[in-house]
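Descriptive structure summary
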Amino acid sequence: MLQDCPVTPPAPANPHRVIALVAPNQELYPVTSASAVFGYHGPDIPQHYSFSLCAERPGSLMTTLGVPIQVEHGLAALENADTVVIAGWTLAPSPAVLSAVSGAHRRGARIVAVAAGVFIPAALGLLDGRRASVHWELEAELAVRHPRVIPDGTVIYVDHGDVATAGASAATLDLCLHQVFQEYGAAHAMRIGRQLAAGPHREGCQRQYPPLPTTGPMPDSLAPLLEWLLTRLPDQVTVEDMAAHSGVSPRTLTRQFTDQLGVPPARWLLERRLAATRALLEETDLPVETIATRVGLSSAVNLRRRFHTALSTTPAAYRRSFR
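Residues numbered from 1 in each chain as written. Predicted model: local features only at pLDDT ≥ 70, side-chain atom pairs only at ≥ 80, totals over all residues. Heavy atoms only, no water.

Let's talk about the packing of aromatic side chains
Taken as a whole and assessed by the stated rule, the structure comprises four aromatic pairs. Plain terms: the ring middles of Phe38 and Tyr49 are 4.8 Å apart, the flat faces sit at 55° to each other, and that makes the pair tilted. Of the two residues, Phe38 is situated in helix α1 (residues 28-38) and Tyr49 in strand β2 (residues 49-55); the sequence distance between them amounts to 11 residues. Exposure class is identical for Phe38 and Tyr49. Each is buried. Its relative accessible area of 2% is what places Tyr49 among the buried residues. Grouping aromatic residues by their ring pairs yields a cluster made of Phe38, Tyr49 and Tyr184. (Phe/Tyr/Trp six-rings, centres within 6.5 Å; stacked < 30°, edge-to-face > 60°. Helix = DSSP H or I, 4+ residues; strand = E, 2+ residues; numbered from the N terminus. Buried < 20%, exposed > 50% of the residue type's maximum accessible area, 1.4 Å probe, protein only.)

Here is the structure:
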């Protein structure tokens, strides 16, 4: 029989405090996406985060769904935040909001800005001389208001460590899982992703949207192929194999990967294999040779070379850090 989750989940002993700064007419998707990643996942998944909301004027806030949400905390909540998620905002934030976010950043909080939320760290100068993922509809406006920011309307997110930006609301889940990946390892992020039934994690360099073709039909989504590839990691799958599975030519497949994901198919597959390697190093005592076979990197020598190129460390050192 299924057990109900507790009404009030137990708080972690030393949580990483994630606070979403919301605004009137708030879009709910980025807020619920962040909550899904940083919230409670049941007794079988370690809880490292706490999640709450705050607003400039707490109380009942209307959303784009047409129903209100109740926000208990004001801007003072940001004084205790470890991560501030700015889930959309106006293009001209108030001095009070800017002051609260600036104070959180000075104290070491990570700022995560989604969609129009990018205008807050931009107004604070936190993105001067830096790339920022910007929704393509806002790219020109950001360039006018904050010319020292380097807007990128193609990639889904950009992470500078202290400040991260996601151009579109749909990238919130990817960016939040990326943070978990960086802070608590690949295995923990994958476990949360599996519970959420999320699709294959997208890297920040992947495209916000595929460009429209000038001729011919729009290519089908790559999602079925990506799911198939994840079940074939131990196999030596070639681009020709991928193309045959998709019913297209290798040249067409490569173009679809580059257009839709921003990377060629072999690079995407290697990144998935390295993510699987990290999870096995974190969760098992398997020797490197066995892991190499399981993830399709053929040998311990090849795995070590690829791992060091990607992460500037060895599998053994990585295992010592995350075990």
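From this point, the narrative continues.
Notes on the packing of helix α11 (residues 288-295) against helix α12 (residues 300-311)
At a closest axis distance of 8 Å, the pairing of α11 and α12 adopts a crossing angle of 80°. The pairing of α11 with α12 is recorded here as roughly perpendicular in orientation. Taken together, the residues of α12 that come into contact with α11 (itself represented by Val288, Glu289, Ile291, Ala292 and Val295) are Ala300, Leu303 and Arg304. Taken together, the residues of the contact of α11 with α12 break down into six nonpolar, no polar and two charged. (Axes fitted to C-alpha atoms, helices over the stretch in contact; angles between N-to-C directions. Parallel < 35°, antiparallel > 145°, perpendicular 65-115°, else oblique. Contact = heavy atoms within 4.5 Å. Nonpolar A, V, L, I, M, F, W, Y, C, P; charged D, E, K, R; others polar.)

Description of the pattern of salt bridges
Applying the stated criterion across every chain yields a total of 10 salt bridges. Between Glu283 and Arg191 there is a salt bridge, with the nearest N and O atoms lying 1.9 Å from each other. In this pair, Glu283 sits in helix α10 (residues 265-283) while Arg191 sits in helix α6 (residues 186-195), placing the two residues 92 residues apart along the sequence. (Salt bridge = Lys/Arg side-chain N within 4 Å of Asp/Glu carboxyl O.)

Concerning the sheet that holds strand β1 (residues 16-22)
The strand order across the open sheet formed by six strands is β2-β1-β5-β6-β10-β9, and the pairing between neighbours is mixed. On the outer flanks of this sheet lie β2 and β9 (157-159), each paired with one strand and no other. Between one strand and the next, the sheet's axes are offset by a mean angle of 15°, whatever the strand orientation. Sheet topology places β1 next to β2; seven bridges connect them, and they run parallel. Looking at β2, one finds that Ile19 is bridged to Ser52. Here α1 sits on the sheet in contact with β1, β2, β5 (83-87) and β6 (110-114), set at roughly 155° to β2. (Pairing = 2+ DSSP bridges.)

Brief notes about the pairing of strand β10 (residues 163-166)
Residues Val163 and Thr165 of β10 are buried on one face, and the alternating residues Ala164 and Ala166, pointing to the opposite face, are buried as well. In this sheet, β10 lies alongside β6 in parallel orientation, the contact comprising four bridges. Its bridge partner being in β10, Val112 is matched across the sheet by Ala164. Between the end of β9 and the start of β10, which pair antiparallel, lie three residues, with Gly161 showing a positive phi angle near 95°.

Section: the nonpolar core
Counting 36 residues, the largest nonpolar core has Val22, Val37, Phe38, Leu53, Val71, Val85 and Val180 as its most contacted members. Sorting elements by how many residues they give to this core places helix α5 (residues 172-184) first, with six residues. Residues Ala104, Ala109, Leu126 and Val163 belong to the second largest nonpolar core, which totals 31 residues. (Core = buried A, V, L, I, M, F, W, Y, C linked by side-chain atoms within 4.5 Å.)

Digging into the packing of helix α8 (residues 239-246) against helix α9 (residues 250-261)
At their nearest, the axes of α8 and α9 sit 8 Å apart, and the two run at 90° to each other. In this view, α8 runs roughly perpendicular relative to α9, as classed from their interaxial angle. Residue-level inspection shows Val239, Glu240, Met242, Ala243 and Ser246 of α8 in contact with α9, the latter providing Pro250, Leu253 and Thr254. Looking at the contact of α8 with α9 residue by residue, the classes come out as five nonpolar, two polar and one charged.

Comments concerning the pairing of β5
Across the five residues of β5, five count as buried, placing the element largely inside the fold. Alternating residues of β5 divide into Thr83, Val85 and Ala87 and Val84 and Ile86, and every residue in both groups is buried. For β1 and β5, the ladder comprises four bridges, and the chain directions are parallel. Within β5, the position partnered with Leu21 by the bridge is Ile86. Sheet analysis places β5 next to β6, joined by five bridges and oriented parallel.

Topic: α10
Its 19 residues give α10 an end-to-end C-alpha distance of 27 Å, which sits within 8% of 27 Å, the value for a rise of 1.5 Å per residue. In terms of burial, α10 is largely enclosed, as 16 of its 19 residues are buried. (Expected span 1.5 Å × (residues − 1).)

With respect to α1
Within α1 the residues assigned to the buried category are Pro30, Val31, Ser33, Ala34, Val37 and Phe38. The arc enclosing the buried residues of α1, seen along the axis, measures out at 165°, which places them on a common side. Packing partners of the buried residues in α1 comprise β1, β2, β5, β6, α5 and α6. (Arc of directions from axis to C-beta.)

A short note on the confidence of the model for the chain
Confidence in the prediction of the chain, expressed as mean pLDDT, is 85, and 89% of residues score 70 or more. Highest mean pLDDT in the chain belongs to helix α2 (residues 95-106) (96); lowest belongs to α6 (82). Across residues 1-7, where pLDDT falls below 50, the model places one contact with residues more than four positions away in sequence or in other chains. Under a pLDDT of 50 for its full length, residues 204-219 has, in the predicted model, 42 contacts with residues more than four places off or in other chains. (pLDDT = per-residue confidence, 0-100.)

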